[in-house]
Amino acid sequence: MKQKNILTWAISAIIYLGLVIGGYTVYASLDSNDDHTDTHAETNGNEEKESINEQAHNDHHTSQRSDGKDSGHSEHVAQSESEVVTNVKYVHGLMIIDVKDKDQKSPELEISHEKIMHLIIVSADLDDYYHLHPEEKGNGIYTLKFALPENSYKAFVDIKPKNLAYQVSPIELHVGKGHGEHEENSLKVDTNLTKTINEKTVELTTTQLGINKDVTLSFDTKGITPEPYLGALGHVVILDEKGEKFVHVHPTSEEKILFETKFDKPGIYKVWGEFKFDGKVNSYPFVIGVK
């Protein structure tokens, strides 16, 4: 009888131990699955967070590239945006030009066409034209003594700031009184592109005048070679008929009087070709139409 009780107890103990071990195994398995699920969820969360951060970085990088900021290359800046501000004043026969960057510091200017600054001044009706070269006085100030007749003008400060984007824009300039009103210019396209000034004749011919295409301007000086001027055989400035758009023009040859430019809008434009003969610079005006 005693032996039977011991056997019964032993069997019960084995069964109990088996139940405990089995229960623990099931619990451990469930807990392991929970841990795996939590780890997977945390991994997905981190991956999602990293993806958002990466996208934010990419968006920021794209923004930097598109607006030009922090890109380190001024050519990435849109044409309408400038990192340099210029102001022009005329006080008692003295032209005063103030050049500052966005931090109100004086930017370093590079030499362009043999000069550190080209100041183009035209009357509101685009009749009078002056090409000046102010000199640096320090702290972003450039000056030049010049007798400017009473009138309303637009000034264009043509400079090349080092490592900064710059877009030439018109600056209103009034000399004297009663010249505050601007009238619409009534430019008419020239039917004859041959001009004579101081007994020196220049004829302009162009390739097809179209939009967003390279246009070559060729000047025939009728057998007289101009004297070197601003590092080339001539200099060319172009404005639209409203006097708002300053078109950059670049010489393409040191031996021929050829210039290349591009027009982004149709309209009427005025061209000034500057050539030096007998030690004096003549400015030849031409009016052309771009379709």
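Residues numbered from 1 in each chain as written. Predicted model: local features only at pLDDT ≥ 70, side-chain atom pairs only at ≥ 80, totals over all residues. Heavy atoms only, no water.

Chemist: Quick question: what am I supposed to make of the sheet that holds strand β6 (residues 141-145) here?
Modeler: Where strands meet in a sheet, backbone hydrogen bonds hold them as pairs that are either parallel or antiparallel. Strand order across the open sheet formed by four strands is β1-β2-β6-β5, with antiparallel pairing between neighbours. Of all strands in the sheet, those bounded by a partner on one side alone are β1 (84-91) and β5 (135-138). Sheet twist, expressed as the mean angle between neighbouring strand axes with direction ignored, is 25°. Pairing between strand β2 (residues 94-101) and β6: five bridges, direction antiparallel. Residue Ile96 lies in a different strand from β6, and its bridge partner there is Thr143. (Pairing = 2+ DSSP bridges. Helix = DSSP H or I, 4+ residues; strand = E, 2+ residues; numbered from the N terminus. Axes fitted to C-alpha atoms, helices over the stretch in contact; angles between N-to-C directions.)

Chemist: Honestly, the packing of aromatic side chains in this entry has me stumped. Any pointers?
Modeler: Aromatic ring pairs: the centre-centre distance and the angle between the two ring planes describe each pair. For the coordinates displayed, the defined rule picks out nine aromatic pairs. Both rings, one in Phe219 and one in Phe286, keep their centres 6.1 Å apart while their planes meet at 55°; by these two values the pair is tilted. Placement of Phe219 in strand β11 (residues 214-220) and of Phe286 in strand β17 (residues 280-290) is noted, with a sequence separation of 67 residues between them. Judged by relative accessible area, which is 0%, Phe286 ranks as buried. Through successive ring pairs, a cluster of aromatic residues spans Phe219, Phe259, Phe275, Tyr284 and Phe286. (Phe/Tyr/Trp six-rings, centres within 6.5 Å; stacked < 30°, edge-to-face > 60°. Buried < 20%, exposed > 50% of the residue type's maximum accessible area, 1.4 Å probe, protein only.)

Chemist: Any chance you could explain the sheet that holds strand β16 (residues 267-277) here in plain terms?
Modeler: The antiparallel open sheet is built from four strands, whose spatial order is β13-β12-β16-β17. Every interior strand has two partners, whereas the edge strands, β13 (246-247) and β17, have only one. Bridge analysis of β16 against β17 gives 11 bridges, and the strand direction is antiparallel. Looking at β17, one finds that Gly267 is bridged to Val290.

Chemist: Help me out: how do you make sense of the nonpolar core in this one?
Modeler: Across soluble globular proteins, you tend to see nonpolar side chains buried next to one another. Val88, Met95, Ile97, Leu119, Ile121, Leu148 and Val157 are the most contacted members of the largest nonpolar core, which has 34 residues in total. Looking at this core, the elements that each hand over two or more residues are β1, β2, β3 (118-123), β4 (129-132), β7 (151-158), β8 (171-175) and β12 (235-240). Sequence-distant contacts of Val157, that is, excluding residues within four places in its chain, are made with Thr86, Val88, Ile97, Met117, His118, Leu119, Tyr166, Val168 and Ile171. The next biggest cluster of nonpolar side chains, apart from the first, holds 22 residues, and it includes Val236, Val249, Val271 and Tyr284. (Core = buried A, V, L, I, M, F, W, Y, C linked by side-chain atoms within 4.5 Å. Contact = heavy atoms within 4.5 Å.)

Chemist: For this particular structure, what's the right way to read the pairing of β11?
Modeler: Regular strands show a simple pattern: their side chains alternate between the two faces of the sheet. Burial along β11 is one-sided: Val215, Leu217 and Phe219 are buried, while Asp214, Thr216, Ser218 and Asp220, pointing the other way, are not. As paired strands, strand β10 (residues 200-206) and β11 are joined by four bridges and run antiparallel to one another. Among the inter-strand pairings, Thr205 is bridged to a residue of β11, identified as Ser218. The pairing of β11 with strand β15 (residues 258-262) spans five bridges and is classified as antiparallel. Note that in β15 the partner of Leu217 across the bridge is Phe259.

Chemist: Is there a simple way to explain the pattern of salt bridges in this structure?
Modeler: Pairing between side chains of opposite charge can happen when their charged atoms approach one another. The full count for this structure, using the stated rule, is 10 salt bridges. Put simply, Lys100 and Asp98 hold a salt bridge, and the shortest N to O gap is 2.6 Å. Looking at Lys100, the relative accessible area reads 11%, which means it is buried. Lys262 is paired through a salt bridge with Asp214; the nearest N and O atoms lie 3.7 Å apart. Of this pair, Lys262 sits in strand β15 while Asp214 sits in strand β11; the two residues are 48 residues apart in sequence, bridging distant segments of the chain. Judged by relative accessible area, Lys262 falls into the partly exposed class, the value being 45%. Beyond isolated ion pairs, a larger network of salt bridges with shared partners links Glu203, Asp220 and Lys222. (Salt bridge = Lys/Arg side-chain N within 4 Å of Asp/Glu carboxyl O.)

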